[in-house]
Amino acid sequence: MRQLVFLRIALGIALLLAVSVLIFAGTQILPGDVAQAILGKSATPETVASLREQLGLNAPAYVRYFRWLGGALTGNFGTAMSSGQDIATQIKARLWNTLFLAACAAIAAVPLAVILGLIAVRYRNGWVDKLISGLALASTSFPEFFIGYALVYFFCVKWPILPSISTVYDGMPFGERLEAIVLPATALTLVVLAHMMRMTRAAILNVMQSAYIETAELKGLSAFNVIRKHAFPNAIAPIINVVMLNLAYLIVGVVVVEVIFVYPGMGQYLVDNVSKRDVPVVQAVGLVFAAVYITLNIVADVTAIIANPRVRHPK
Amino acid sequence: MTGLKRIPISALIGLVLSALFVLAAIFAPWISPHDNAEIVGDVWEPMSAAHWLGTDNLGRDLLSRMIYGARITLFIAVLATALSFSLGAILGFSAAVFGGWFDTLLSRLVDLLMSIPTLIMALVVLSVLPTNLVTLILVMGVLDSTRVYRLSRAVAVDINVMDYVEAAKLRGEGSGWIIFREILPNALSPLVSELGLRFIYAVLFLSTLSFLGLGVQPPDADWGGMVKENKDGIVFGIGAALIPAAAIAMLAISVNLVADWVLNRTTSLKGGRG
Amino acid sequence: MADSNAKPGQPKPGLLLDIRNLRIEATVYPPGEAPKTITLVHDVSLTLEKGKVLGLIGESGAGKSTIGLSSMGYGRGGVRITGGEVILNGRDIMKGGKEGFRKLRGREVCYVAQSAAAAFNPAHRLMDQVVEATLLHGTATRAEAEKRAVALFKKLSLPNPETIGQRFPHQVSGGQLQRVMTAMALCSEPDLIVFDEPTTALDVTTQIDVLAAIKDAIRDTHVAALYITHDLAVVAQVSDEIMVLRHGRLVEWGGTRQIIKEPRQEYTNALVSVHEIEHQEQNPGATPFLSVKNVTAAYGGGHVKVLKNVSVDIYPGQTLAVVGESGSGKSTLARAITGLLPPEQGTVTFDGRPLANRLADRPKEDLRQLQMIYQMADVAMNPRQTVGTIIGRPLEFYFGMRGRERDKRVAELLDEIEMGKGFVDRYPAELSGGQKQRVCIARSLAAKPKLIICDEVTSALDPLVANGILKLLLDLQQHEKVAYLFITHDLATVKSIADSIAVMYRGEVVRYGSKSKVLTPPFDAYTDLLLSSVPEMEIGWLEKAISGRRMASAGN
């Protein structure tokens with residue numbers, strides 16, 4: 001088992017390296033010229049050339065890649081071109097904000113999704129199940145900003161009980177910080193809830209239709225014990241898998257939600273700098289997002305490996 | 001063949017709404033009361049008989065903007081879906097049928113592309129590419145084709161190992177017959193349903209990009225861009241931004257309903273008579 | 001009918017189970033249509049005395065599992081009991097409600113499923129699952145229950161009875177799991193066990209051991225049993241009485257001897273005489289038209305050898321049967337001959353010249369001469385093509401037939417397989433299992449081949465339908481002078497159809513020759529085991545077979 005887990009983690013690291021190449025290549029080798037892009041169409045060839053020199057763009061691509069990767073590994077992403085600020089410092093503060101927001105959303109969404117999934121299974125094909133699936137279908141069709149602005153419209157304008165802009169700052173008391181992120185966290189929860197619930201429902205249904213559940217029922221176990229002793233141990237791995245995959249999905253949803261609520265996190269930082277075409281920042285933030293995403297996927301796979309009795313108790 | 005009366009009510013609603021959106025997009029210049037960029041009144045006028053949906057942040061007629069917005073939204077989404085679908089399906093089928101290094105290479109590349117969230121990858125790429133419609137369609141289409149590739153490869157691999165395909169191979173049939181007569185007819189229903197889902201995804205993705213200011217550029221606007229234009233009104237209690245957002249949701253739901261129905265209808269295997 | 005005068009409402013003394021006028025219905029949801037209610041069991045009555053075994057037999061759809069589960073008040077999926085009484089130990093269990101069902105399940109009545117591999121929870125150790133019902137119903141302490149379980153493991157001849165309970169289901173073989181499941185059912189000392197096809201999924205040499213173990217355990221513990229199966233020969237070994245069911249209705253019910261020796265109903269008679277096809281062995285001609293010489297084949301780039309130095313010959317218009325259990329390499333032999341799995345060594349010669357190893361290198365004419373029929377007819381036909389297209393395609397492909405000429409030939413072929421012209425426009429989903437297999441036969445005949453490879457073509461079919469297919473194949477051989485390579489695990493089928501036989505075991509041919517020669521002693525150890533393991537419709541066969549065996553089966 002240890003070998004399998006190790007292999008999966010190694011694979012994840014290899015994937016992350018490949019992704020770093022891809023991100024680097026995506027910003028360096030594509031037809032757009034970075035220096036040109038920064039300076040705009042009106043720039044003279046001389047200024048473009050001098051900026052290329054200044055950015056070290058004249059070195060061969062692989063040299064620049066390793067220079068960049070070496071920096072990234074030691075926590076040095078360089079400085080932002082537009083503001084001259086140190087990128088790593090910026091990311092540190094913002095990553096914490098983003099993870100806090102995502103964690104709050106996850107704390108609300110995960111239990112809610114699992115409970116709703118269980119209810120849907122319990123009343124399968126009944127009206128509760130149909131209602132839940134219907135809402136799930138609808139909410140996967142909603143763009144994030146529709147949910148976000150609808151929340152703002154109702155809770156900040158119609159019944160002004162919450163702030164429409166989530167300002168947070170260093171040293172802010174925890175309670176105030178929580179209040180500031182109620183709306184963005186709710187929006188994020190709604191964004192992932194439906195999907196997570198549908199997948200939980202499918203995972204539990206899959207287990208409940210196994211022959212060993214019938215065996216347990218035919219032993220005279222009560223419905224509760226069938227689920228607790230026989231369904232749950234087998235459903236836990238697929239559910240964790242569902243949760244992890246959706247947390248990864250949440251990482252993407254966070255980009256839009258942060259923009260809506262002007263929340264100082266990674267997502268907003270990325271979007272701002274894409275508009276400014278500040279390539280070093282985009283590369284760094286892209287890499288961090290990819291790292292978080294890939295890590296969550298590794299966690300999902302590793303739990304699946306650990307939870308599999310065939311792997312835990314080999315022949 | 002299936003008569004109209006056999007269509008469930010939900011799918012019928014989906015079909016009618018989707019058709020309305022498409023008609024609005026096609027006949028935009030004839031049915032919209034005002035021009036796309038024409039300033040007809042005050043900023044953020046409420047809904048009235050003159051302006052059914054009110055006016056936007058610059059005093060343009062919101063209904064007219066919505067109708068033209070449908071045009072841009074659908075146009076880009078359709079092209080991006082067409083690109084992602086043809087690219088993904090052709091490569092996916094070929095990978096399944098030919099196998100070998102071709103399959104391995106493509107599959108690993110797709111794994112790699114899919115290991116980064118699509119939005120993040122799109123943002124990274126858009127930070128260096130010129131912002132225009134062609135770039136937008138290419139980026140959306142290529143990134144999304146990875147999902148179509150995975151699905152069509154999986155479906156084709158499943159079918160490719162069926163005994164009836166083996167029987168055709170034993171008979172000596174060529175790849176053409178095997179792909180088009182044995183595999184394709186059986187892969188059609190999941191693929192058609194996926195087409196709907198990919199289109200929804202393209203609409204949502206385009207809207208998100210435009211909302212972030214990285215999609216369709218002013219003065220043109222798709223629905224996502226219109227949300228961005230009007231979002232500042234929300235805090236003043238002006239719901240103009242919610243209208244295009246709701247339109248996106250409505251379009252997505254309608255197509256979803258249709259795709260759902262197509263999938264359910266065609267999975268009962270009695271040829272076309274089910 | 002053995003017992004039709006039981007008075008309603010009055011439990012007879014000594015009766016354990018008394019099912020009266022049982023009616024079971026289910027709601028089905030055909031796609032695109034309104035849900036409808038179908039009746040699975042029509043007014044079936046049965047009684048079972050304490051310590052007796054009643055065999056329920058019938059083809060798929062006969063309602064035998066449904067009736068068996070009704071004794072526990074259980075319905076699978078949307079199945080529900082809508083009429084009649086189920087009286088167990090003197091009380092109608094249908095009146096006990098959910099709580100009542102829970103109290104009797106696992107205590108008074110236990111269940112043994114067809115696939116123990118799926119019926120055990122992969123997350124728990126076997127012992128925990130075996131004693132679970134006993135502990136739940138509080139009939140013994142944990143220590144007592146475990147002691148009882150170990151004793152049962154011993155009785156059922158499981159290896160390492162003391163420690164096997166500590167294993168997880170996936171660490172134990174299929175035949176052993178089936179016995180552990182029997183131990184699980186016996187552990188809570190129930191009055192009745194429902195055996196639902198407990199040996200059907202096993203290889204024939206494993207089946208006999210499990211069957212013997214089950215029979216001994218039933219005898220020693222004096223438990224009553226409902227033994228559900230589609231195999232009359234199997235049920236004849238373990239039951240005191242047999243009930244024959246068809247389409248959810250009772251056909252015949254009587255003592256085991258009466259049912260298998262003097263069946264009163266025509267349907268029962270058909271089931272009893274199912275394997276009695278007369279086939280006169282033909283002498284091999286001078287030269288075989290297809291020879292497999294020293295063929296060795298492997299999967300996974302040569303790592304897993306599945307065929308070792310195999311040589312067989314096939315003579316024109318005759319049948320070579322290849323028999324063996326799962327993993328014997330018999331299907332791989334077919335794949336090697338057809339070129340789907342190119343052999344590593346050895347040659348396949350056809351009409352005196354070597355066939356290309358790889359399918360892709362063979363000319364069309366060679367492909368036409370070798371046709372194949374599969375086990376699962378449903379997946380051997382493209383579900384999006386009509387019967388006409390399926391049968392017509394080889395005609396177009398090999399002979400360039402078009403239009404009316406092709407349609408005429410398709411109609412002729414449909415006649416040959418005893419199906420009418422009306423089937424031309426049907427899709428495979430609209431055919432029954434036997435009809436599907438017939439269409440596959442017609443498709444291979446359309447090519448006018450010299451050889452048809454039949455890979456377990458009757459294994460997925462009910463006995464009577466399978467019988468029809470075998471008869472058809474023999475008839476067609478007479479008319480069309482086609483040879484068969486008949487791959488099967490079922491020796492009874494072999495006896496009905498073969499001219500010569502090759503017995504395969506772990507990738508090798510262990511015995512090969514004409515049918516009469518192969519089936520005449522002296523036998524090698526494996527052929528002996530295989531032959532002695534095929535259930536015969538004869539009371540007392542099981543004991544004779546077990547005592548006469550010289551080699552332990554591979555499933556142990």
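Residues numbered from 1 in each chain as written. Chains lettered and ligands numbered in written order. Predicted model: local features only at pLDDT ≥ 70, side-chain atom pairs only at ≥ 80, totals over all residues.

**Q** What am I meant to see in the overall build of chain B here?
**A** The helix and strand tally for chain B stands at 10 helices and 0 strands. Mapped in sequence order, the helices and strands of chain B form the string α-α-α-α-α-α-α-α-α-α. Projecting the C-alpha coordinates of chain B onto the three principal axes gives extents of approximately 75 × 50 × 30 Å. A buried classification covers 50% of the 274 residues belonging to chain B. (Helix = DSSP H or I, 4+ residues; strand = E, 2+ residues; numbered from the N terminus. Buried ≥ 20, exposed ≤ 12 C-beta atoms within 10 Å, placed from the backbone.)

**Q** Honestly, the overall build of chain C in this entry has me stumped. Any pointers?
**A** Across its full length, chain C carries 21 helices and 20 strands. Against the globule reference of 24 Å for 556 residues, chain C gives a C-alpha radius of gyration of 26 Å, in line with a compact fold. Once the C-alpha set of chain C is aligned to its principal axes, its extents read approximately 75 × 55 × 45 Å. Every one of the 556 residues in chain C was classed for burial, and the buried ones make up 48%. (Rg over C-alpha atoms; globule rule 2.2 N^0.38 Å.)

**Q** What am I meant to see in the packing of helix 4 (residues 100–114) of chain B against helix 6 (residues 133–160) of chain B here?
**A** Packed helices, taken two at a time, are described by the angle between their axes plus the distance between the axes. Residues and elements named next belong to chain B. It is at 10 Å that the axes of helix 4 and helix 6 come closest, and there the two elements cross at 125°. Considering their axes alone, helix 4 and helix 6 lie oblique with respect to each other. Every pair of crossing elements has a handedness; the one defined by helix 4 and helix 6 is left-handed. On the side of helix 4, the interface is formed by V110, L113 and M114, while helix 6 contributes L143, T146, Y149 and R150. Per-class residue counts for the contact of helix 4 with helix 6 are 5 nonpolar, 1 polar and 1 charged. (Axes fitted to C-alpha atoms, helices over the stretch in contact; angles between N-to-C directions. Parallel < 35°, antiparallel > 145°, perpendicular 65-115°, else oblique. Left-handed = near helix turned anticlockwise from the far one by under 90°. Contact = placed C-beta atoms within 7 Å. Nonpolar A, V, L, I, M, F, W, Y, C, P; charged D, E, K, R; others polar.)

**Q** Which parts of the structure should I look at to understand the interface of chain A and chain B?
**A** Interfaces are often described in size by the accessible area the parts lose on coming together. Listed as interface residues are 42 residues of chain A and, on the opposing side, 37 residues of chain B. If you tally residues by element for the side of chain A that touches chain B, the top one is helix 7 (residues 144–158) of chain A, at 8 residues. Classifying every residue of the side of chain A that touches chain B by side-chain character gives 34 nonpolar, 7 polar and 1 charged.

**Q** Honestly, the nonpolar core in this entry has me stumped. Any pointers?
**A** Most often, soluble globular proteins keep nonpolar side chains buried together rather than apart. Ranked by size, the top nonpolar core spans 143 residues in total, and within it Y149, L188 and V285 of chain A together with L123, V203 and I248 of chain B carry the most contacts. Shared between two domains, this core holds at least three residues of each, these being domain 1 (2–73) and domain 2 (92–312) of chain A. With near-sequence residues (within four places) excluded, V203 of chain B lies in contact with T73, A77, I248, L251 and A252 of chain B. Formed by 98 residues, the second largest nonpolar core is a distinct cluster that contains A168 of chain B together with A336, A446 and V457 of chain C. (Core = buried A, V, L, I, M, F, W, Y, C linked by C-beta atoms within 7 Å. Domains from an automatic or database assignment.)

**Q** It is not clear to me how the sheet that holds strand 14 (residues 345–350) of chain C should be interpreted in this structure. Could you clarify?
**A** Backbone-to-backbone hydrogen bonds pair the strands of a sheet. The strands run either parallel or antiparallel. Residue and element names in this part refer to chain C. Read across the open sheet, the 4 strands follow the order 12-11-14-15; overall the sheet is antiparallel. Edge positions in the sheet fall to strand 12 (304–314) and strand 15 (353–354), since each has one partner strand and no second. Of the strand pairs in this sheet, strand 11 (residues 290–299) and strand 12 are connected by 7 bridges, and their pairing is antiparallel. Residue pairing for strand 12: V295 is matched across the bridge by V310. In this fold helix 11 (residues 330–338) packs onto strand 11, strand 12 and strand 14, with an angle of close to 70° to the strand it touches most, strand 12. (Pairing = 2+ DSSP bridges.)

**Q** Would you mind going over unusual backbone geometry with me for this structure?
**A** Most of the time, phi is negative for any residue but glycine, and the peptide bond is trans. Residue and element names in this part refer to chain C. The omega torsion across P521 and P522 is 0°, close enough to zero to call that bond cis. Note that P522 resides in the loop between helix 19 (515–518) and helix 20 (525–533). Phi at E197 is positive, roughly 50°, even though this residue is not glycine. Positionally, E197 belongs in the loop between strand 7 (192–196) and helix 7 (204–221). A positive phi angle, close to 50°, is found at K448, a residue other than glycine. Inspection of the secondary structure assignment puts K448 in the loop between helix 16 (433–446) and strand 17 (451–455). The class for K448 is partly exposed, based on 15 C-beta atoms found within 10 Å.

**Q** Honestly, the sheet that holds strand 8 (residues 224–229) of chain C in this entry has me stumped. Any pointers?
**A** Residues and elements named next belong to chain C. What the 6 strands build is an open sheet, ordered 6-7-8-3-9-10; its pairing is mixed. Every other strand in the sheet has two partners, leaving strand 6 (109–112) and strand 10 (249–255) as the edge strands with one partner each. Between one strand axis and the next, the sheet turns through 15° on average, direction left out of account. Bridge analysis of strand 9 (residues 241–246) against strand 10 gives 6 bridges, and the strand direction is antiparallel.

**Q** Teacher, can you tell me more about the pairing of strand 16 (residues 370–373) of chain C here?
**A** The side chains of a regular strand alternate between the sheet's two faces. All names here are of chain C. Neither face of strand 16 is exposed, since L370 and M372 on one face and Q371 and I373 on the opposite face are all buried. Of the strand pairs in this sheet, strand 16 and strand 17 are connected by 4 bridges, and their pairing is parallel. Counterpart to L370 in the pairing with strand 17 is L451.

**Q** Explain helix 11 of chain C to me, please; I cannot follow it from the model alone.
**A** Each full turn of the α-helix corresponds to 3.6 residues, which orients residues three or four apart in the same direction. Residues and elements named next belong to chain C. With 9 of its 9 residues buried, helix 11 lies for the most part within the structure. Within helix 11 the residues assigned to the buried category are K330, S331, T332, L333, A334, R335, A336, I337 and T338. Looking one or two places after helix 11, you find G339, whose phi comes out positive at around 90°.

**Q** Honestly, the packing of helix 5 (residues 87–122) of chain A against helix 13 (residues 279–307) of chain A in this entry has me stumped. Any pointers?
**A** Residues and elements named next belong to chain A. The contact between helix 5 and helix 13 brings their axes to 11 Å, and the two run at 40°. By the angle between their directions, the pair helix 5 and helix 13 is classed as oblique. In this structure, helix 5 meets helix 13 at a crossing whose hand is right-handed. In this structure, helix 5 uses I87, I91 and L95 to contact helix 13, whose residues at the interface are P280, V281, A284, V285 and V288.

**Q** Looking at this model, I keep getting lost on the confidence of the model for chain B. Mind explaining?
**A** Atomic detail in the predicted coordinates should be set aside for any region of low pLDDT. Residues and elements named next belong to chain B. The pLDDT averaged across chain B works out to 84; a share of 94% of its residues lies at or above 70. At the level of individual helices and strands, chain B shows its lowest average pLDDT in helix 10 (residues 242–267), which scores 83, and its highest in helix 7 (residues 163–171), which scores 92. Segment residues 268–274: pLDDT under 50, and 15 contacts once partners within four positions in sequence are set aside and those in other chains are kept. (pLDDT = per-residue confidence, 0-100.)

**Q** When you look at the environment of L109 of chain B in this model, what are you seeing that I'm missing?
**A** All names here are of chain B. With respect to the element layout, L109 can be found in helix 4. When the 15 C-beta atoms within 10 Å are taken as the criterion, L109 is described as partly exposed. Distance in space between the C-alpha atoms of L109 and T146 is 9.0 Å, their sequence separation being 37 residues.

**Q** Help me out: how do you make sense of the confidence of the model for chain C in this one?
**A** Residue and element names in this part refer to chain C. Confidence in the prediction for chain C averages 87 pLDDT; 95% of positions are at 70 or higher. Predicted confidence for residues 1–9 stays below pLDDT 50, and this span has 9 contacts to residues more than four positions away or in other chains. For this predicted complex, the interface confidence reaches an ipTM of 0.82, while the overall pTM sits at 0.79.

**Q** Would you mind showing me how to read the environment of M181 of chain C here?
**A** Residue and element names in this part refer to chain C. Positionally, M181 belongs in helix 6 (residues 174–187). Overall, M181 belongs to the buried group, with 29 C-beta atoms counted inside 10 Å. C-alpha separation for the pair M181 and F120, spaced 61 residues apart in sequence, amounts to 8.1 Å. Ignoring any residue separated from it by four or fewer positions in sequence, one finds M181 in contact with V112, A113, A116 and A119.

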